[in-house]
Amino acid sequence: DTEVTQTPKHLVMGMTNKKSLKCEQHMGHRAMYWYKQKAKKPPELMFVYSYEKLSINESVPSRFSPECPNSSLLNLHLHALQPEDSALYLCASSSIGLFRGQRDTDTQYFGPGTRLTVL
Amino acid sequence: AQTVTQSQPEMSVQEAETVTLSCTYDTSENNYYLFWYKQPPSRQMILVIRQEAYKQQNATENRFSVNFQKAAKSFSLKISDSQLGDTAMYFCAFMKIQGAQKLVFGQGTRLTINP
C-alpha cells in the first residue's frame, strides 16, 4: 500500500485565520515532506522531517509552522497567511535509504494535496 | 547545484501511439536517482518510474520505459500504446543518494492523448 492521505481537500481561509493541514501515512516511512505547488509549476520543497525531527527548512516564512507528532503524522499549521500563499499543498513520505539497492528506498510518495485559497 | 530541464512544454499524440518525453539534467554527483512523476488533472503526483544511476539497465514499468544515458545526462520517458488516462503533466526529477532528500524537478511536460 503506497497511500498518503491529506485533509482537508479544499480550504478557504482569511488572512487572520489559523488553520492546519494534516497528512498521514501507514507505510512505515520515516521521512515526510511538505511541498507547495503553484499552477502549472513543479512542486517546491518547504520542509523535510526525518525520524520525526525537522531536517530541512527551505527558508519558509514563519507563518507556516510544521509539526510531526509521530512517525505517521505530519501537520502544517497556518497563521496570518497572504493571498500569494494560495496554492496546492502536497505531502509526501519516503523510506530513508540505508543500503544501496533497497527497492523503493528514498522514493517519495505523494498525497492528493490540499487546495488552499487565502482571501 | 543540480538542475533538470524538460525542453517540451507541451506534447499531443493520438491514442495507441508511442510518445517520448525528454529530460536532461546537470550534476557533479556520481550516485543519484532519477524519477518520472505524472500529475493528472486530479492533481495527485503519481510515481511512474525510477532509475538508479549506478544501474546500467534501463528501468521499465509495463508500458513505460526510460532511456538513461548517464554520460549525456539524459533521461527520456517512452510511453508505448498511449491511453487516454495517460493525459497528465509529467515531471522529471533528480535526487542525490547521499545526504539531502531533496527532489529537484523539471518544469514539466503537459501531455495530451487524443482519441
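Further up the page is the structure itself.
Residues numbered from 1 in each chain as written. Chains lettered and ligands numbered in written order. Predicted model: local features only at pLDDT ≥ 70, side-chain atom pairs only at ≥ 80, totals over all residues. Heavy atoms only, no water.

**Overview of the interface of chain A and chain B**
Test applied: Any two residues whose heavy atoms approach within 4.5 Å are treated as being in contact. Summed over both partners, the accessible area (1.4 Å probe) lost when two parts come together is defined as the buried area. Salt bridge criterion: a side-chain nitrogen from Lys or Arg within 4 Å of a carboxyl oxygen from Asp or Glu. The definition of a polar contact used here is a pair of N or O atoms within 3.5 Å, where within protein one atom must be able to donate a hydrogen and the other to accept one, and adjacent residues in sequence count solely through side-chain atom pairs. Starting at the N terminus, helices and strands are each numbered in turn, a helix being any DSSP run of H or I of at least four residues and a strand any DSSP run of E of at least two. Side-chain classes follow a simple rule in which Ala, Val, Leu, Ile, Met, Phe, Trp, Tyr, Cys and Pro form the nonpolar group, Asp, Glu, Lys and Arg form the charged group, and the remainder, Gly included, forms the polar group.
Contacts between the two partners involve 34 residues from chain A, matched on the other side by 22 residues from chain B. The contact between chain A and chain B buries some 2,200 Å² in all, and 49% of this surface belongs to carbon and sulfur atoms. In this assembly, chain A and chain B are joined by 1 salt bridge. Linking Glu58 of chain A and Lys102 of chain B is a salt bridge whose minimum nitrogen-to-oxygen distance equals 3.1 Å. Taken together, chain A and chain B are joined by 8 residue pairs in polar contact (both at pLDDT 80 or more). At the level of secondary structure, the elements contributing two or more residues to the side of chain A that touches chain B comprise strand E4 (31-37), strand E5 (44-50), strand E6 (53-57), strand E9 (87-94) and strand E10 (109-110) of chain A. Tallied by class, residues from the side of chain A that touches chain B come to 14 nonpolar, 11 polar and 9 charged.

**Concerning the side chain of Ser65 of chain B**
Within the secondary structure, Ser65 of chain B is located in strand E8 (residues 64-69). Discounting residues that sit within four places of it in the chain, Ser65 of chain B has contacts with Ile49, Ala59, Thr60, Ser76, Leu77 and Lys78 of chain B.

**A closer look at unusual backbone geometry**
Operational definition: The rule is simple: take the accessible area with a 1.4 Å probe, protein chains only, and divide by the maximum for that residue type; under 20% is buried, over 50% is exposed, in between is partly exposed.
The step from Thr7 of chain A to Pro8 of chain A runs through a cis peptide bond, and the omega angle for that step is -10 degrees. With respect to the helices, strands and loops of the structure, Pro8 of chain A is situated in the loop between strand E1 (4-7) and strand E2 (10-13). Look at Tyr51 of chain A: it is not a glycine, yet its phi comes out positive at around 50 degrees. Note that Tyr51 of chain A resides in the loop between E5 and E6. Even without being glycine, Asn62 of chain B reaches a positive phi, approximately 60 degrees. In this fold, Asn62 of chain B is placed in the loop between strand E7 (60-61) and E8. A relative accessible area of 81% means that Asn62 of chain B is categorised as exposed.

Nothing here speaks to function; it is all geometry.
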